[in-house]
Amino acid sequence: MPLKYFASLGTAKIVLWCYLIWYLVTVVNHFDPSPAIWLNSLGISAVIGIALVLSVGGQALRVADRWQTIRLFLMPFCVSSFSSLIKGHGFVLIVPPNRSEQLVSFGACAAFLLVVLVLKRINRVVHAQPGASAARPPLSSLSHHGQQTLK
């Protein structure tokens with residue numbers, strides 16, 4: 001299932017995954033166990049997350065949009081904690097001053113992109129074989145429950 005998910009990612013979701021990878025590399029390299037950082041980030045996440053949910057439809061959000069809702073709360077948490085963790089460490093915008101950390105951050109994103117591209121290529125090859133399209137629809141046309149969706 002995760003392979004199908006990554007093989008069907010669109011550009012926007014790939015970018016979001018790279019953001020998350022960049023954030024995680026930074027957290028690993030600059031982790032601070034201070035409860036204040038994480039509690040403040042949770043508070044900001046709650047306030048801004050609710051505002052974002054209201055701005056994109058509020059009560060009209062369906063259960064099917066649960067990952068969007070999670071992202072609307074996760075993003076302010078990540079932004080807040082990221083900014084607290086990098087404060088005073090010499091970052092230029094979001095880029096760390098340490099060359100090895102830059103290589104890990106860019107390398108992790110590049111590795112992710114490579115994996116996604118390979119999975120997309122495999123998906124195309126498997127479904128380009130004669131008779132394969134009739135037997136199995138491409139992964140990108142499957143819903144979360146394995147049902148084919150209309151495009």
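These remarks concern the structure in this document. (Residues numbered from 1 in each chain as written. Predicted model: local features only at pLDDT ≥ 70, side-chain atom pairs only at ≥ 80, totals over all residues. Heavy atoms only, no water.)

### Re the packing of helix H2 (residues 11–30) against helix H5 (residues 99–128)
So, step 1. Interaxial distance between H2 and H5 falls to 9 Å at its minimum, and their mutual angle equals 145 degrees. Along this stretch, H2 crosses H5, giving a crossing that reads as right-handed. Contact residues: H2 offers Ile14, Trp17, Cys18, Ile21, Trp22, Val25, Thr26, Asn29 and His30, while H5 offers Glu101, Val104, Ser105, Phe106, Ala108, Cys109, Phe112, Leu113, Val116 and Lys120.
So, step 2. Here the residues of the contact of H2 with H5 sort into 13 nonpolar, 4 polar and 2 charged. (Axes fitted to C-alpha atoms, helices over the stretch in contact; angles between N-to-C directions. Helix = DSSP H or I, 4+ residues; strand = E, 2+ residues; numbered from the N terminus. Left-handed = near helix turned anticlockwise from the far one by under 90°. Contact = heavy atoms within 4.5 Å. Nonpolar A, V, L, I, M, F, W, Y, C, P; charged D, E, K, R; others polar.)

### Side note on the packing of aromatic side chains
So, step 1. Enumeration over the complete set of coordinates arrives at 9 aromatic pairs.
So, step 2. Taken together, Tyr5, Phe6, Trp17 and Phe112 form an aromatic cluster joined through their ring pairs. (Phe/Tyr/Trp six-rings, centres within 6.5 Å; stacked < 30°, edge-to-face > 60°.)

### What to know about the environment of Phe112
So, step 1. In this fold, Phe112 is placed in helix H5.
So, step 2. With 91 residues separating them along the chain, Phe112 and Ile21 place their C-alpha atoms 8.6 Å apart.
So, step 3. Discounting chain neighbours no more than four positions away, the residues touching Phe112 are Phe6, Leu9, Ile14, Trp17, Cys18 and Ile21.

### Describing a nonpolar patch on the surface
So, step 1. A surface patch of nonpolar side chains, about 250 Å² in accessible area, is lined by Ile44, Val47 and Ile48.
So, step 2. For Val47, a relative accessible area of 58% corresponds to the exposed category. (Patch = residues over 30% accessible without salt bridge, like charges linked within 9 Å, V, L, I, M, F, W, Y side chains within 5 Å. Areas by Shrake-Rupley, 256 points an atom, 1.4 Å probe, with all protein chains shown as cover. Salt bridge = Lys/Arg side-chain N within 4 Å of Asp/Glu carboxyl O. Buried < 20%, exposed > 50% of the residue type's maximum accessible area, 1.4 Å probe, protein only.)

### Points about the nonpolar core
A general feature of soluble globular proteins is that nonpolar side chains tend to end up buried together.
So, step 1. Counting 19 residues, the largest nonpolar core has Tyr23, Trp38, Phe82 and Phe112 as its most contacted members.
So, step 2. With residues up to four places along the chain from it excluded, the contact list for Tyr23 reads Trp38, Phe77, Cys78, Ser81 and Phe82. (Core = buried A, V, L, I, M, F, W, Y, C linked by side-chain atoms within 4.5 Å.)

### Focus: the environment of Lys4
So, step 1. You can see Lys4 is positioned in helix H1 (residues 2–7).
So, step 2. Residue classification places Lys4 among the partly exposed residues on the basis of a relative accessible area of 42%.
So, step 3. When the C-alpha atoms of Lys4 and Lys120 are compared, they prove to be 9.0 Å apart, with 116 residues separating the residues in sequence.

### Looking at unusual backbone geometry
So, step 1. The backbone of Leu93 shows a phi angle near 60 degrees, a positive value even though the residue is not glycine.
So, step 2. Relative to the helices and strands, Leu93 resides in the loop between helix H4 (66–86) and H5.
So, step 3. Residue class for Leu93 comes out exposed when judged on its relative accessible area of 77%.

### Notes on the packing of helix H3 (residues 35–55) against H4
So, step 1. Following both chains from N to C, one finds H3 and H4 inclined at 145 degrees, their axes separated by 8 Å at the closest point. The way H3 lies across H4 gives a crossing that is right-handed.
So, step 2. Each residue belonging to the contact of H3 with H4 can be placed in one class, and the counts come to 14 nonpolar, 8 polar and no charged.

### Quick word on the side chain of His30
So, step 1. Note on placement: His30 falls in helix H2.
So, step 2. Of the residues examined, His30 reaches a relative accessible area of 15% and is grouped as buried.
So, step 3. A distance of 2.9 Å separates a polar atom in the side chain of His30 from a polar atom in the side chain of Glu101.
So, step 4. When residues no more than four places from it in sequence are discounted, the contact partners of His30 are Leu85, His89, Phe91 and Glu101. (Polar contact = N/O pair within 3.5 Å; in protein donor to acceptor, adjacent residues only side chain to side chain.)

### Side note on H4
So, step 1. Between the first and last C-alpha of H4 there are 30 Å, a value that for 21 residues agrees with the 30 Å anticipated at 1.5 Å per step.
So, step 2. Of all the positions in H4, only Leu72, Pro76, Phe77, Cys78, Ser80, Ser81, Phe82, Leu85 and Ile86 are classed as buried.
So, step 3. Where H4 is buried, its residues contact H2 and H3.
So, step 4. One or two steps after H4, the chain reaches Gly88, where phi turns positive at roughly 80 degrees. (Expected span 1.5 Å × (residues − 1).)

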